[in-house]
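So the chains spell out like this:
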Amino acid sequence: MNIIIIGGVAAGTKVAAKLKRDNYNHNVKILTKGKDISYAGCGLPYYVGNVIEKQEDLIQNTPKQFSDLTGVEVLTEIEVTKVNPEEKTLVAINLNTNETAKYSYDKLIIATGADPIKPPIEGIELDGVYFMRTPEDAIKLREAVDEGKIKRAVVVGGGFIGLEVAENLKAQGVNTSVIDMAGQILPGFEPEIANYVDNHLADQRIITFTETGLEAILGDGKVEKVKTNKRTMKADAVVLSIGIRPNTGFLNGTGIELAPNRAIKVNEKLETNIKDIYAVGDCAFVTNKITGKGAYAPMGSTANIEGRILAQNINGGNFTYGGALGTAVVKLPGINAGKTGLTEEVAKAEGYDVETVTTIMEDKAKYYPGASVFIIKMIADKATKKLLGVQVVGEGNIDKIVDMAVMAIGLDAKLDDIQNLDYAYAPPFSTAIHPLAATVNVLLNKINGNLISVTPREYKEGKADGYRIIDSSIVPKINGAPYVDISKAHEELPEFDKDEKLLLVCDKGKRSYMLQQRLRDFGYTNTLVLEAGTMFNELK
């Protein structure tokens, strides 16, 4: 079988290698317009920061190494300009010689990925403007830093790559700011989680400016200033990380169905609407595993999964890709963040009877050296107790929480199903009741009416306005608020009326919950617990 793959980074090389590994008789050819294949796109910011020291470490395989290892023919610097589905041919140009050639195929796999969005603004061609999509991008930026050319940088875009670049530039001594036209950094995260990370980055001297749109890059031959809709900022370099656009322009006129963002629509078998043409990776538009609706999931992990499934199907298998959950994790200075599943807003829009809880849990035994906390927001359907989403931030291994939630959501688990499982425990690794399970307990308490609380978002929106704050911390911490020590509260508290609106606040929320339970037994009927306490919330 004559199989052509357009594109050779994550998805393209994965499907090619699996095709040949399972059936070496296939004639598999990769056509890619880049010089490199199989490079570590997610590792590029860490090369900028010298965490990854060597250029060659960014390249998983050279074209020759990959070809020798797998038997796949790899043609680099070949750009496909036209696909003819009726003839099962495509036309490509050699970028070195400008010669065109026609290739025929039995099966065509499109794995062309996506390119960074380059806005049509003044100054985008100035020296000192960088992107972060290929090894060449990272190499050029690090060379400029190493040569002392960059003292002040502005990163445009507060997503994962933008923030990772900002972290690594800052680590190299570059004064770095981040601007984003959206209302928050970390798109896809809950606003209150994103705001917490934003404040943390400010403590690390990485300042972000949201609702700040890039209007022009100014300078005489090289970057000198960045003009936004709010201010003009001095800069020696600008790193543009404002999103990506699927590389599908060459498909115009083919009849291949595209999504609104011009990614290629595929079904659960990664098939397009045209027979024998498939799409995988950052150029493909898949489905959301929970909603079943179309979703764009440009991640190296999903690209590899899709590539493997597709190769098995072409080799005679009958496998399906169940869809993406929007799972992602990011390492930032002194804090990590991760998410999977639906956000609160999306879950409500999908018609779920949403209940959420935000908890602060120790990430390991609190007496163990290096112990810290996880801040976890969990989203579920109140009626069915189906887990819908989890977001987490913390200094430790937040990916563990995220991956456990992925497994639970992927298996359509209810909260009760994951509440009392035999999770691994030892003081260096976790707590006796795992932090995910402990959060499940809190959410079930809330659903069952044992916990009556206000979420950080509700508190900010004013749901607790009119309530009297009661400080229930281990020691008094809230200026001007009456203090109640639960270890001494063994009877009614005459200083409070039993129908008085009382907002119980402690460091993390646990002592407030314990006090609420006790006050309920004493006949107090109008108390609220502030979820995640003073560690997460800014008190009014």
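Here, every reference points to the structure presented above.
A few points on the structure. (Residues numbered from 1 in each chain as written. Predicted model: local features only at pLDDT ≥ 70, side-chain atom pairs only at ≥ 80, totals over all residues. Heavy atoms only, no water.)

### Considering the sheet that holds strand E24 (residues 328–332)
Here is the rule we go by: DSSP bridges decide pairing: two strands pair if at least two such bridges lie between them. To qualify as a helix, a DSSP run of H or I must reach at least 4 residues; to qualify as a strand, a run of E must reach at least 2; elements of each kind are numbered from the N terminus. To define axes, lines are fitted to C-alpha atoms, for helices over the stretch in contact only, and angles between the resulting N-to-C directions are given on a 0 to 180 degree scale. Pairs of residues are marked as contacts when any of their non-hydrogen atoms sit within 4.5 Å.
Strands sit in the order E24-E25-E28-E27-E26 across an open sheet of five strands; the sheet is antiparallel. Each having just a single partner strand, E24 and strand E26 (354–362) make up the two edges of the open sheet. Pairs of neighbouring strands in the sheet enclose a mean axial angle of 10°, with direction left out of account. In this structure, E26 lies alongside strand E27 (residues 373–381), joined through nine bridges in antiparallel fashion. In the strand pairing of E27, Ile360 is matched with Ile375. Docked against the sheet, helix H6 (residues 191–203) engages E24, strand E25 (335–341), E27 and strand E28 (387–394), running at close to 10° with respect to E28.

### A short note on helix H4 (residues 135–146)
The criterion, for reference: Residue count minus one, scaled by 1.5 Å, sets the expected span of a helix. Only protein chains enter the accessibility calculation, which uses a 1.4 Å probe. A residue is then buried if its area is under 20% of the maximum for its type, exposed if over 50%, and partly exposed in between.
For H4, built from twelve residues, the straight-helix expectation of 16 Å at 1.5 Å per residue is met to within 8% by its first-to-last C-alpha distance of 16 Å. Among all positions of H4, only Pro135, Asp137, Ala138, Ile139, Leu141, Arg142, Ala144 and Val145 are buried. Buried residues belonging to H4 abut strand E3 (37–39), helix H2 (44–48), strand E4 (59–61), strand E11 (129–130), helix H5 (160–171) and strand E18 (237–240). Where H4 terminates, the next one or two residues include Gly148, which has phi positive at roughly 80°.

### A look at the pattern of salt bridges
Our working definition: The rule for a salt bridge is simple: a side-chain nitrogen of Lys or Arg has to be within 4 Å of a carboxyl oxygen of Asp or Glu.
On inspection of all chains with the given rule, the structure shows 33 salt bridges. The shortest N-O distance in the salt bridge between Lys463 and Glu458 comes to 3.7 Å. Take Lys463: its relative accessible area is 47%, and that puts it in the partly exposed class. Given a relative accessible area of 24%, Glu458 falls into the partly exposed group. A network of salt bridges, in which partner residues are shared, links Glu190, Glu192, Glu344, Glu345, Lys348, Lys377 and Arg457.

### Topic: the packing of helix H1 (residues 10–22) against helix H7 (residues 300–314)
We apply this condition: Two helices crossing with the near one rotated counterclockwise from the far one by less than a right angle form a left-handed crossing, whereas a clockwise rotation gives a right-handed crossing. Note that Gly is not counted as nonpolar here; it falls among the polar residues with everything else outside the nonpolar set of Ala, Val, Leu, Ile, Met, Phe, Trp, Tyr, Cys and Pro and the charged set of Asp, Glu, Lys and Arg.
Put simply, H1 and H7 touch, their axes get as near as 8 Å, and they point 30° apart. For H1 against H7, the interelement crossing comes out right-handed. Where H1 abuts H7, its residues Ala10, Ala11, Lys14, Val15, Lys18, Leu19 and Asp22 lie against Ala303, Asn304, Gly307, Arg308, Leu310, Ala311, Gln312 and Ile314. By residue class, the composition of the contact of H1 with H7 is eight nonpolar, three polar and four charged.

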